[in-house]
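One-letter residues, chain by chain:
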Amino acid sequence: MQIILAKTAGFCFGVNRAVKLTYELLEQGRPVATLGPLIHNPQVVEDLESKGAITCDSVDDVPDGYEVVIRSHGVGQSVYDKISTRRLAYHDATCPFVTKIHKIAARAGAEGAMLLAGDAKHPEVQGIVGHTTGKVEVFANLAELEKLLPELTQQKSIFAVAQTTFNVQSWETCKEFLKNQCTNAKIFDTICNATQRRQSEAAELAAMVDVMVVVGDRKSANTKHLTEICRELCPRVFQIE
């Protein structure tokens, strides 16, 4: 039996950066509290907690004296404001690709409306939404975008972005629709390079093998999209942790 390991398998740059930072803080004996699980990987989160890190659902839950780590998904502006109000030390591990979208979101709030392709329940998307003060609509696919667009036709300008781990092919389809239907839309390609490379390689491998195994957290958007792509091209696909 031949087993092929994807060249792009493993943590992306943003996750590696967040994990490395947190382990370094723990090695220094610092009291660390992450806002939500640091990454979508229960085994890593468990290991961090065994070394002293605690996971908090909100800033209010962080004990006095702890240093906050903002995970790679990023957070909304109100979270930074709350951290400042409590005068907590914090370390920002937000992925630079996500920070770029935060800046676009802030600009969109000042100039018009924003369309965001992604999962409305995902922390990255919620963080992006938390950086705009204007009208914002989140959509998961072309069908949802088609329903939303008529409501935004009166806006002076429309900014369109995608969650960094959004399905590349779906985003391309949505972009084409926007270009044809909305001439004043400012479209930004915000899917990260690692996501694009992984999805491309997953499709190539799925088309040439009998079985695909996708390893990742069940809550991970990355894992979900890779599984979806593989299932379109391979007869047997297993998603495991």
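Above this text you will find the structure in question.
The shown structure was predicted, so the numbers you read here are calculated from the model rather than taken from an experiment.

**Structural notes on the side chain of Glu124**
- Mapped onto the elements, Glu124 comes out in helix H5 (residues 123-129).
- For the buried Glu124, no salt bridge exists, and the shortest N-O distance to an oppositely charged side chain is 9.9 Å, to Arg71.
- With near-sequence residues (within four places) excluded, Glu124 lies in contact with His73, Val98, Ile101, Gln163 and Thr164.

**Examining the packing of helix H1 (residues 13-27) against helix H2 (residues 42-50)**
- Interaxial distance between H1 and H2 falls to 10 Å at its minimum, and their mutual angle equals 15°. The angle between H1 and H2 falls in the class roughly parallel. Note on packing geometry: the crossing formed by H1 with H2 is left-handed. On H2, the residues touching Val19, Thr22, Tyr23 and Leu26 of H1 are Val44, Asp47 and Leu48.
- Taken together, the residues that form the contact of H1 with H2 break down as 5 nonpolar, 1 polar and 1 charged.

**Describing a nonpolar patch on the surface**
- Taken together, Val211, Val213, Val215, Phe238 and Ile240 make up a surface patch of nonpolar side chains, about 420 Å² in accessible area.
- Elements represented by at least two residues in the nonpolar patch include exactly strand E9 (211-215) and strand E10 (236-240).
- The greatest single-element share of the nonpolar patch, amounting to 3 residues, is contributed by E9.
- Its place among the elements puts Val211 in strand E9.

**Some remarks on the environment of Thr190**
- Checked against the element boundaries, Thr190 lands in the loop between strand E8 (185-187) and helix H8 (193-206).
- Each C-alpha atom, one on Thr190 and one on Cys56, is 28 Å from the other, the two residues being 134 residues apart in sequence.
- Those residues in contact with Thr190 that lie beyond four places of it in its chain are Ile101, Ile104, Val161, Ala162 and Thr164.

**Side note on the nonpolar core**
- Of all hydrophobic cores here, the largest spans 20 residues; its most connected members are Leu115, Phe139, Leu145, Leu149, Trp171 and Leu178.
- Within the residue set of this core, elements represented by two or more residues are strand E5 (113-117), helix H6 (142-148), strand E7 (158-162) and helix H7 (168-181).
- Aside from chain neighbours lying at most four places away, what touches Phe139 is Leu115, Leu116, Ala117, Gly118, Glu144, Leu145, Leu148, Trp171 and Cys174.
- Residues Cys12, Val44, Ala53 and Cys192 belong to the second largest nonpolar core, which totals 17 residues.

**Focus: the sheet that holds strand E1 (residues 32-35)**
- The strand order across the open sheet built from 4 strands is E2-E1-E3-E4, with neighbouring strands paired in parallel fashion. In this open sheet, the two edge strands, each paired with only one partner strand, are strand E2 (54-56) and strand E4 (90-92). Geometrically, the sheet is characterised by an average inter-axis angle of 30° between neighbouring strands, direction not taken into account.

**Digging into unusual backbone geometry**
- One non-glycine residue, Arg87, lies in positive phi territory at about 55°.
- Assessed through its relative accessible area of 78%, Arg87 is described here as exposed.

**Some points on the pattern of salt bridges**
- All told, the structure shown has 9 salt bridges when counted by the stated rule.
- The shortest N-O distance in the salt bridge between Lys20 and Glu24 comes to 2.8 Å. Note that Lys20 and Glu24 are positioned in helix H1 at a spacing of 4 residues, about one turn of the helix.
- Assessed through its relative accessible area of 53%, Lys20 is described here as exposed.
- Its relative accessible area of 31% is what places Glu24 among the partly exposed residues.
- Note that Asp64 is salt-bridged to Arg86, the shortest N-O span being 2.6 Å. Pair noted here: Asp64 is in the loop between E2 and strand E3 (67-70) and Arg86 is in helix H3 (residues 77-86), with a separation of 22 residues, a long-range link.
- Connected via shared salt-bridge partners are Glu172, Lys175 and Asp189.

Rules and cut-offs
Residues numbered from 1 in each chain as written. Predicted model: local features only at pLDDT ≥ 70, side-chain atom pairs only at ≥ 80, totals over all residues. Heavy atoms only, no water. Helix = DSSP H or I, 4+ residues; strand = E, 2+ residues; numbered from the N terminus. Buried < 20%, exposed > 50% of the residue type's maximum accessible area, 1.4 Å probe, protein only. Lys, Arg positive; Asp, Glu negative; His and termini not counted. Salt bridge = Lys/Arg side-chain N within 4 Å of Asp/Glu carboxyl O. Contact = heavy atoms within 4.5 Å. Axes fitted to C-alpha atoms, helices over the stretch in contact; angles between N-to-C directions. Parallel < 35°, antiparallel > 145°, perpendicular 65-115°, else oblique. Left-handed = near helix turned anticlockwise from the far one by under 90°. Nonpolar A, V, L, I, M, F, W, Y, C, P; charged D, E, K, R; others polar. Patch = residues over 30% accessible without salt bridge, like charges linked within 9 Å, V, L, I, M, F, W, Y side chains within 5 Å. Areas by Shrake-Rupley, 256 points an atom, 1.4 Å probe, with all protein chains shown as cover. Core = buried A, V, L, I, M, F, W, Y, C linked by side-chain atoms within 4.5 Å. Pairing = 2+ DSSP bridges.

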